[in-house]
Amino acid sequence: MQPILFFVMMTLITGVVYPLAVTAVVQLAFPKQSKGSLITQNNQIIGSELIAQPFHDPKYFWPRPSASNYNAVPSGASNLGPTNPKFPKDPNQTTSASGLDPDITLEMARFQIPRIAEARKIKPEQLEDLLAQSKRPYLNVLLANLELDKGL
Amino acid sequence: MQAFDLYVVTVYLALLVTLSPLLGSYLHLVFNQPVGRIERTFYFLTRTRQNAMNWKQYATAVLIFQGIGFVALMLLFKLNHRTPISLDLALNTAVSFLTNTNWQAYAGENTLDYWVQMLALTVQNFLSAATSLAVMLALIRGITSKETQDLGNFWVDITRATFFVLIPFSVLMAIFLVSQGAIQNFSAYVHAVGLEGQPQLLPMGPAASQTAIAVFGSNGGGFFGQNAAHPFVNPNEFTNFILMFAILLLPAGLVHFYGLQIGSKKQAWAIFSVMLCLFVLFLAGTMASEISFGSLEGQEVRFGRVGSILFGTAATASSNGSVNAMMDSLSPLAGGLMMLQIMLGEIIFGGVGCGLYGMLLFVMLTVFLAGLMVGRTPEYLGKKIETAEINWILMGILAPSIVTLIGAGLSCLNAQALTGLGNLGPHGLSEILYAFTSSANNNGSAFGGLSANTPYWNLALGVTMVLGRFGLMIPVLAIAGSLARKKQTPPSVGTFQTDTPIFAVLLGASILLVGALTFMPGWFLGPLLEHVTLAGGAS
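Nothing here was measured: the structure is a model prediction, and the numbers come from that model.

Trainee: What should I look at first to understand the overall build of chain B in this one?
Mentor: A tally of regular secondary structure across chain B gives 18 helices and four strands. Rg of the C-alpha trace for chain B: 22 Å, near the compact-globule value of 24 Å for 539 residues, within the 12% margin. When the backbone C-alpha atoms are referred to their principal axes, chain B occupies close to 80 × 60 × 45 Å. For chain B, with 539 residues in total, the buried portion stands at 65%. The long-range fraction of contacts in chain B, counting pairs at least 24 apart against all pairs at least 6 apart in sequence, stands at 81%. Accessible area of chain B: about 17,700 Å², with a carbon and sulfur share of 70%. One way to put it: in chain B the 21 positive side-chain charges average out to a point 19 Å from where the 21 negative ones average out.

Take a look at the structure:
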C-alpha cells in the first residue's frame, strides 16, 4: 500500500503541480513566448517566428529545405548518412535537424540576394545592409521577409 | 570560426570545473540534513517508514517502485487519445522512461496527449533519475559504513533527490527556457496561414517543463519528436548552451559530492580528472571530424557547429538521450565517437547517479588489477575487494556490453530488423549498433534513420533496456551490501593509493581497454569503415 500511495503522491507533485505551477508563472511573465511567439497580421496568425514556413515567391528569402516539407506535426529530418548517394553536397540544399529551422546562415542569405533584388526591383546593396544589421551570424527568414514587405 | 569554437568549449569546461564543486557542496548539505517539515509531511501522507534497509530490501523497493510505474504507464498509454498506441510501442516506451533511457520510437506531437506527456513521461523523468541517485547513495553508504547491513532507505533517498535537487533545478530551467521562446501552455494546436497563403498546423503544449527535467535527469526524452533540435524547446544559441551545460552539471557535481561523503576531495578529483580528460579527448575527435567534414545536413543554423557537436558529445557522455543534431548525418567519426562514449558504459560523467556508480565499478576493477600486479589483496578506501565483489563488478560492467553485441549481431541476421534501416552499407551497421548501444546503456539517443516503431525493434530494444539497466543496478546494490558488511582496514604503507595521478592514468587506461576489447570489431566495420570509404572518395 505504501509504495502505491508514494507513487501517486509523487505523480501529483511532479506530473501535475510542477508543470501547472511553471505554466502559471510563465504565462504571466512571458505570455508571448509561452504561447509560441506567434505573429498576427490583419487578425490572422501567419505563423511563429521560431518555426520555418515555406516560401517560393522569388521576392522573399527562402528557408532551408525541410525533410518534412515544413509540416510541424510531426516534423522530421532526412537522417541521410554521409555516404548515402542522396546526401546533399551544396550547403544551400542541406535540410535541418528539426525540419523547421527558422534561420539561414548569412552566406545562404547572400546567395539569394540577386534573386530578391531583381524581383523587388531594388538594389542588392539595400539587402546587403539588411544582413549587415543582423546581430547574429544568421538570419530569421520570416522576420526578414516581414521586414522586406514593410519596405526597406 | 574555429577560434569561436575553441572559445565556447573553453568557457563550457571552465564553468564545469568551477561550478560542479559548488553543486557538490549543495548536494552534501541536502543529503545529510535532518528530516525537515516538508519531508515529514510527505512521509506521513504516504505512510512511509524511514527504516534502514539491507541491500536486498533496498533492491526489492527499487523493483516494486519500477513495477508500479510500469503498470501506471501502460494504463496511461491505453487512455491516450491523440492516436492509439500499439502494445509493442507502449511496452517499449514504458520501459524506456522507467529505465531512464528515453529511447523514443514515436513523435510526441502527433502521438501523445498533453496530460499523458505530463503524468506518464514528466513523472518518470523525475523518478527514474531519482532512482539512479538513490542507488548511488546506497553504494556510497556501502563504501563508507562498517560492519553493518544498513544502506539507508530507498523512499527517503528518492524523495530527497526529487524535492531538493530535481524539482528546484527544473523549475528554474523551465522558466529560463520559456523566457527565451520555449513554449509552455495547454492551448489547442494553432492553425496558421503563412505569408504566402499556405496553411501550417503548429503543435503546442507544456514543453518547457518536460524539457527541463529531461536534461537535468539524464533522461533526454523529447516533448517533440525532433527533441532539442525543435525551436519550441531550444529556441536559440543561449538556451542551447545552458541545456548542454545542464546535461553534465549534475553528473559532474555528484563526483564532488562523493568526495565530501567519503571525506576525501582528492579521491573525487582523481575520478573527475579522468572523466574530464576522456571527455576532452572525445570532444577533440568529434570537433575535428566535423570541422573537416563541414556539412550542415541534420543540424540547426542557430546552434552553430560547436553548439551541435558539443551538445552531442556531452549528451552521449552522460547517458542523456537529448539530441539537437541528427547523428545519422554527422561525419562518420563524429557519430562513431559519440557511439563509443556510450559503449564505454556511460561513465564519462555518465547519467545522474548511474554515471558515478558505473564509474566506481571501474575504480574497483582498477584497484583489483593493480592488486594483481603487486600481489596484494586489493582494497578500496579500506574495504577489501574480494571474489564476491569482483564477480558482481564484472557482471555490472559486462551486462550492457554483452546485451549490445548479441542484440546487434542477431539483428544483422534478421530480415525484419533490416527493413527498418534508413541507410545501407557500413552506415546501416552503425544504425543497428547504435540502437543497441544506446538502449543497453540507457542513453536513448538514436541514429534516427532507423525506423524503430516496428514490433521487432520495439520489443528487442525494450528487452535490451531492461537488461542493461538492472544488469548494472542490481550488481551495484549487491556490492554495496557486501562492502557495508566489511571491516574498514586503516591504510598501511603497502596500500595502493587511489587519489594519485598514477591511479588516474590506470583508471583511464582500464576503461579504454575494456571498451576497446569489447567493441573494436563492430566499431571498425561501422563508423571507421564508413570514414575510410568517405575519405577514399567512394560513396
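Structure shown, so let's carry the discussion forward.
Trainee: It is not clear to me how the environment of B:Ile158 should be interpreted in this structure. Could you clarify?
Mentor: Here B:Ile158 shows up in helix α7 (residues 154-180). Along the primary structure B:Ile158 and B:Ser132 are separated by 26 residues, whereas in three dimensions their C-alpha atoms are 8.8 Å apart. Once you skip the residues sitting within four places of it in the chain, B:Ile158 turns out to touch A:Phe6, A:Met10, B:Phe65, B:Ala130, B:Thr131 and B:Ala134.

Trainee: Would you explain the side chain of B:Glu300 in this entry?
Mentor: With respect to the helices, strands and loops of the structure, B:Glu300 is situated in the loop between α10 (265-293) and α11 (304-317). Taking the relative accessible area as the measure of exposure, B:Glu300 reaches 0% and is therefore buried. A polar side-chain atom of B:Glu300 sits 3.4 Å from a polar atom in the side chain of A:Ser96. Here A:Ala97 takes part through its backbone nitrogen, which lies 3.0 Å from a polar atom of the side chain of B:Glu300. Sequence-distant contacts of B:Glu300, that is, excluding residues within four places in its chain, are made with A:Arg64, A:Ser96, A:Ala97, A:Ser98, A:Gly99, A:Asp101, B:Ala229, B:Pro231, B:Ser308 and B:Asn324.

Trainee: Is there a simple way to think about the pattern of salt bridges in this case?
Mentor: A pair can form between side chains of opposite charge whenever their charged atoms are brought close. A full pass over the atoms with the stated rule returns 13 salt bridges over all chains. Here A:Glu147 makes a salt bridge to A:Lys150, at a shortest N to O gap of 3.7 Å. In this pair, A:Glu147 and A:Lys150 are both assigned in helix α5 (residues 141-150), three residues apart and thus about one turn of the helix distant. A relative accessible area of 36% places A:Glu147 in the partly exposed class. Residue B:Glu389 is joined to B:Lys486 by a salt bridge in which the shortest nitrogen-to-oxygen separation is 3.2 Å. You can see B:Glu389 sitting in helix α14 (residues 387-412) and its partner B:Lys486 sitting in the loop between α17 (455-484) and α18 (501-535), a full 97 residues away along the chain. Neither residue differs from the other here; B:Glu389 and B:Lys486 are each classed as buried. Ionic contacts of the salt-bridge type, sharing partners, join the residues A:Arg64, A:Asp101, B:Glu300 and B:Arg302 into one network.

Trainee: Before we go on, may I ask you to explain the environment of B:Leu361 in this structure?
Mentor: Residue and element names in this part refer to chain B. The topology assignment puts Leu361 in helix α13 (residues 354-374). According to the relative accessible area criterion, Leu361 is buried, its value standing at 0%. For the pair Leu361 and Gly396, spaced 35 residues apart in sequence, the C-alpha separation works out to 7.7 Å. Leave out the neighbours within four places in its chain, and Leu361 touches Ile393, Gly396, Ile397, Leu472, Val476 and Ile479.

Trainee: So what exactly am I meant to see when it comes to the side chain of B:Gln198 here?
Mentor: Residue position: B:Gln198 is located in the loop between β1 (190-193) and β2 (199-202). A polar side-chain atom of B:Gln198 sits 3.4 Å from the main-chain amide nitrogen of B:Glu196. B:Gln198 has contacts with A:Gln53, A:Pro54, B:Ala192 and B:Val193, leaving out every residue within four places of it along the chain.

Trainee: Looking at this structure, I do not really get α11(B). What am I missing?
Mentor: All names here are of chain B. Compared with an ideal rise of 1.5 Å per residue, which puts 14 residues at 20 Å, α11 spans 20 Å between its outermost C-alpha atoms and is within 8% of the ideal. Counted residue by residue, α11 has twelve buried out of 14 residues, so it is predominantly covered. Within α11, the full set of buried residues consists of Val306, Gly307, Ser308, Ile309, Leu310, Phe311, Gly312, Thr313, Ala314, Ala315, Thr316 and Ala317. Residues of α11 that are buried in the fold lie against α1 (2-32), α9 (237-262), α10, α12 (332-343) and α16 (426-440).

Trainee: Hey, could you run me through unusual backbone geometry in this one?
Mentor: Cis peptide bonds are those with omega within 30 degrees of zero, and the linkage from A:Val73 to A:Pro74 qualifies with -5°. Take A:Pro74: it is sitting in the loop between β2 (44-48) and β3 (103-105). With a phi close to 50°, B:Leu381 is a non-glycine residue in the positive phi region. Along the chain, B:Leu381 falls in the loop between β3 (379-380) and β4 (383-384).

Trainee: Is there a simple way to explain empty space enclosed by the protein in this structure?
Mentor: Where empty space is left becomes clear once a probe the size of a water molecule has been rolled over the atoms. All names here are of chain B. Following the criterion strictly, the structure yields nine cavities of 30 Å³ or more and no others. Of the pockets and cavities examined, the largest cavity occupies roughly 140 Å³. As for the largest cavity, its lining consists of 18 residues, and the residues nearest its centre are Leu344, Gly345, Phe362, Ile397 and Ser401. Of all elements in the fold, only α13, α14 and α18 reach the threshold of two or more residues within the lining of the largest cavity. A per-class count over the lining of the largest cavity returns eleven nonpolar, seven polar and no charged. Considered as a void within the structure, the second largest cavity measures approximately 120 Å³ in volume. For the lining of the second largest cavity, the elements supplying multiple residues, two or more each, are α13 and α17. For the lining of the second largest cavity, the class distribution of residues is five nonpolar, seven polar and two charged.

Trainee: What is the right way to look at the interface of chain A and chain B in this model?
Mentor: A common way to express how large an interface is: the accessible area buried when the components associate. Contacts between the two partners involve 80 residues from chain A, matched on the other side by 88 residues from chain B. A buried area of about 6,600 Å², summed over both sides, lies between chain A and chain B, and 69% of it is on carbon and sulfur atoms. Inspection of the region where chain A meets chain B yields two salt bridges. Across the pair A:Arg136 and B:Glu237 runs a salt bridge whose closest N-O atoms are separated by 3.3 Å. At the junction of chain A and chain B, the tally comes to 34 residue pairs in polar contact (both at pLDDT 80 or more). Of the residues forming the side of chain A that touches chain B, the biggest block, 21 residues, is contributed by helix α1 (residues 2-29) of chain A. Class assignment for the residues of the side of chain A that touches chain B results in 42 nonpolar, 31 polar and seven charged.

Trainee: Help me out: how do you make sense of the layout of surface pockets in this one?
Mentor: One number sums up the size of the second largest pocket: a volume of about 700 Å³. In terms of lining residues, the second largest pocket is bounded by 32 residues, among which B:Gln104, B:Ala105, B:Tyr106, B:Gly225 and B:Gln226 are the most central.

Trainee: What is the right way to read the pairing of β2(A) from this model?
Mentor: Along any regular strand, the residues point their side chains to alternate faces of the sheet. Residue and element names in this part refer to chain A. Pairing of strand β1 (residues 38-41) with β2 involves four bridges; the strand directions are antiparallel. Counted as the bridge partner of Thr40 is Ile45 from β2. Counted along the chain from β1 to the antiparallel partner β2, the turn is two residues long, and its residue Asn42 has a positive phi close to 50°.

Trainee: Help me understand α9(B) in this model?
Mentor: Note on helix geometry: an α-helix contains 3.6 residues per turn, so any two residues three or four positions apart are oriented the same way. Residues and elements named next belong to chain B. For α9, spanning 26 residues, the distance from its first C-alpha to its last is 38 Å, which sits close to the expected 38 Å at 1.5 Å a residue. Roughly 30° is the biggest bend found in α9, and it falls at Leu249, with proline Pro251 one to four residues downstream. Structurally, the start of α9 carries an N-cap: the backbone nitrogen of Phe238 is 2.9 Å from a side-chain oxygen of Asn236. Gly263 sits one or two positions beyond α9 and adopts a positive phi of about 75°.

Rules used in this analysis
- Residues numbered from 1 in each chain as written.
- Chains lettered and ligands numbered in written order.
- Predicted model: local features only at pLDDT ≥ 70, side-chain atom pairs only at ≥ 80, totals over all residues.
- Heavy atoms only, no water.
- Helix = DSSP H or I, 4+ residues; strand = E, 2+ residues; numbered from the N terminus.
- Rg over C-alpha atoms; globule rule 2.2 N^0.38 Å.
- Buried < 20%, exposed > 50% of the residue type's maximum accessible area, 1.4 Å probe, protein only.
- Contact = heavy atoms within 4.5 Å.
- Areas by Shrake-Rupley, 256 points an atom, 1.4 Å probe, with all protein chains shown as cover.
- Lys, Arg positive; Asp, Glu negative; His and termini not counted.
- Charge placed at Lys NZ, Arg CZ, Asp CG, Glu CD.
- Polar contact = N/O pair within 3.5 Å; in protein donor to acceptor, adjacent residues only side chain to side chain.
- Salt bridge = Lys/Arg side-chain N within 4 Å of Asp/Glu carboxyl O.
- Expected span 1.5 Å × (residues − 1).
- 1 Å grid on protein atoms, 1.4 Å probe; cavity = no way out; pocket = protein on both sides within 12 Å on 5 of 7 lines; lining within 4 Å.
- Points joined across faces, edges and corners; volume = space filled by probe spheres on them.
- Nonpolar A, V, L, I, M, F, W, Y, C, P; charged D, E, K, R; others polar.
- Buried area = accessible area lost by both parts, 1.4 Å probe.
- Pairing = 2+ DSSP bridges.
- Bend = angle between axes of the 7 residues up to and from the residue.

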